[in-house]
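# Coordinate inspection notes
Here is how the chains run, residue by residue.
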There are 2 protein chains.
Amino acid sequence: MTESDFTSILSRHGIRPTQQRIAVYKYLVSNPSHPSADTIYRALSEQYPVFSRTTIYNSLNTLVEAGLVRTVNICPEEQRFDATIDDHGHFICEKCNGIFDFDLNPEVLDKLCPEGFKFRQGDVFFSGTCPDCSR
Amino acid sequence: MTESDFTSILSRHGIRPTQQRIAVYKYLVSNPSHPSADTIYRALSEQYPVFSRTTIYNSLNTLVEAGLVRTVNICPEEQRFDATIDDHGHFICEKCNGIFDFDLNPEVLDKLCPEGFKFRQGDVFFSGTCPDCSR
DNA sequence: ATAATTTTTTGTAATCAATACAATTATTTA
DNA sequence: TAAATAATTGTATTGATTACAAAAAATTAT
Ligand SMILES: [Mn+2]
Ligand SMILES: [Mn+2]
Ligand SMILES: [Zn+2]
Ligand SMILES: [Zn+2]
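This write-up is about the structure you can find in this document.

### Description of the sheet that holds strand S5 (residues 118–129) of chain B
Within the open sheet, the six strands sit side by side as S4(A)-S3(A)-S5(A)-S5(B)-S3(B)-S4(B). Their pairing is mixed. Two strands lie at the open edges of the sheet, namely strand S4 (99–103) of chain A together with strand S4 (99–103) of chain B, each paired on one side alone. Here the average twist between neighbouring strands, direction ignored, is 25°. The pairing of strand S3 (residues 88–93) of chain A with S4(A) spans five bridges and is classified as antiparallel. Within S4(A), the position partnered with A:His88 by the bridge is A:Asp103.

### A few points about the coordination of the zinc ion (ligand 4)
Residue and element names in this part refer to chain B. Every protein donor of the zinc ion (ligand 4) is listed here as Cys 93 (SG), Cys 96 (SG), Cys 130 (SG) and Cys 133 (SG), and their distances to the metal cover 2.2 to 2.4 Å. Around the zinc ion (ligand 4) sit four donor atoms; with metal-centred angles ranging over 103 to 118°, the donor geometry is tetrahedral. Read in sequence order, the donor residues coordinating the zinc ion (ligand 4) give the pattern C-x2-C-x33-C-x2-C. Of this pair, Cys 93 sits in strand S3 (residues 88–93) while Cys 130 sits in the segment after S5, and the two are 37 residues apart along the sequence.

### Examining the protein's contact with DNA strand D
Contacts to DNA strand D come from 17 residues, most closely from A:Tyr57, A:Gln79, B:Thr18, B:Thr54 and B:Thr55. Restricting the count to atoms of DNA strand D within 4 Å of the protein gives a sugar and phosphate share of 82%. A:Tyr57 has a polar side-chain atom sitting 2.9 Å from a phosphate oxygen of DNA strand D. Here B:Arg16 contributes a side-chain N or O atom positioned 3.4 Å from a sugar or linking oxygen of DNA strand D. The set of elements that each furnish at least two residues to the surface near DNA strand D consists of helix H4 (53–65) of chain A together with helix H2 (19–30) and helix H4 (53–65) of chain B. For the surface near DNA strand D, the class distribution of residues is three nonpolar, nine polar and five charged.

### Observations concerning the interface of chain B and chain A
At the junction of the two partners, chain B supplies 30 residues and chain A supplies 30 residues. Together, the buried faces of chain B and chain A total about 2,500 Å²; carbon and sulfur atoms form 62% of this surface. Contact with chain A buries area across many residues of chain B, yet B:Leu112, B:Phe117 and B:Phe126 alone supply 24% of it, more than any other trio. At the junction of chain B with chain A, the criterion picks out two salt bridges.

### Overview of the coordination of the manganese ion (ligand 1)
Residues and elements named next belong to chain A. Coordination of the manganese ion (ligand 1) by the protein is provided by His 34 (NE2), Asp 82 (OD), His 88 (NE2), His 90 (NE2) and Asp 101 (OD), with metal-donor distances spanning 2.0 to 2.2 Å. Binding-site remark: the manganese ion (ligand 1) is held by donors from one chain whose sequence spacing is H-x47-D-x5-H-x1-H-x10-D. Here His 34 is found in the loop between helix H2 (19–30) and helix H3 (37–47), whereas its partner Asp 82 is found in strand S2 (residues 80–82), with 48 residues between them in sequence. Each member of the pair His 34 and Asp 82 is classed as buried.

Rules of the game
- Residues numbered from 1 in each chain as written.
- Chains lettered and ligands numbered in written order.
- Predicted model: local features only at pLDDT ≥ 70, side-chain atom pairs only at ≥ 80, totals over all residues.
- Heavy atoms only, no water.
- Pairing = 2+ DSSP bridges.
- Helix = DSSP H or I, 4+ residues; strand = E, 2+ residues; numbered from the N terminus.
- Axes fitted to C-alpha atoms, helices over the stretch in contact; angles between N-to-C directions.
- Donors = N, O, S within 2.8 Å, 3.2 Å for Na, K, Ca; no water.
- Tetrahedral: all angles 85-135°; square planar, octahedral: opposite > 155°, others 65-115°.
- Near = heavy atom within 4 Å.
- Polar contact = N/O pair within 3.5 Å; in protein donor to acceptor, adjacent residues only side chain to side chain.
- Nonpolar A, V, L, I, M, F, W, Y, C, P; charged D, E, K, R; others polar.
- Contact = heavy atoms within 4.5 Å.
- Buried area = accessible area lost by both parts, 1.4 Å probe.
- Salt bridge = Lys/Arg side-chain N within 4 Å of Asp/Glu carboxyl O.
- Buried < 20%, exposed > 50% of the residue type's maximum accessible area, 1.4 Å probe, protein only.

This is how it looks when you write it as structure tokens:
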């Protein structure tokens, strides 16, 4: 993915492709580790020391509203962000703190949702031990 | 459930049945609406104006550690608490903000969890519209 | 092009849930 | 009954996030 690909994706989603938004979105696409706003800020600060923390928050909120990014509420202390927006589950390892994606059939989600309720988003979170940390 | 029932439940779980802890646990059992710490504090303040906010937090943490209460991370802004500890899913209605429980087969959870991962806890969250708010 | 308007960014201040801490009070043990 | 331990309380602090207003950048009108 080239810089101009990101530019056109942002444009197509109705938001102005500013340098800051492109950098945040590019970081999320390149780092599918579900980083926090602060992790993104510290990482981008190296390349773009002028970016402000507030702008990272603003950009993330704008990207979420545009539907390009979604939040992952697996850690109560801080929001995590994810550029993979299609339905999938998340597993957080209590030993290495890694957050792992796993496939989730949309039909399975449908089956889990109780009768009469109309869901817009479904999330499946597991916490436990990942294969590596299980030895 | 009488007062002394709560007392013995707390004792059996290895925590001292203080007036404050009993009141918090009793409130959670009687109000399965997944209240926040602050909601519990404001509600109990009427009957026990001397209880401090810190003690509500302390009691909740103690009850969670004892395995009598679990946290529900469905709202990123604040933790919610639940005295129903067996596996079940949660649906939050974006219109009325109600949080609804629904049954969740433990075997279904097992099937959702990816190969090689060992989960300690599984959570299923939906957000959308509840039957009442769907008209 | 230039001026006026709108949008975005920036830095700082404010918010707010949750925790840390130390003093007080209550309970248990010696 | 005294000493030790545990729990509660009020206040201070933390830390993520938002609010706000000024500055900068980009867009639109003249
Ligand atoms: Mn993900
Ligand atoms: Mn519940
Ligand atoms: Zn791990
Ligand atoms: Zn509703």
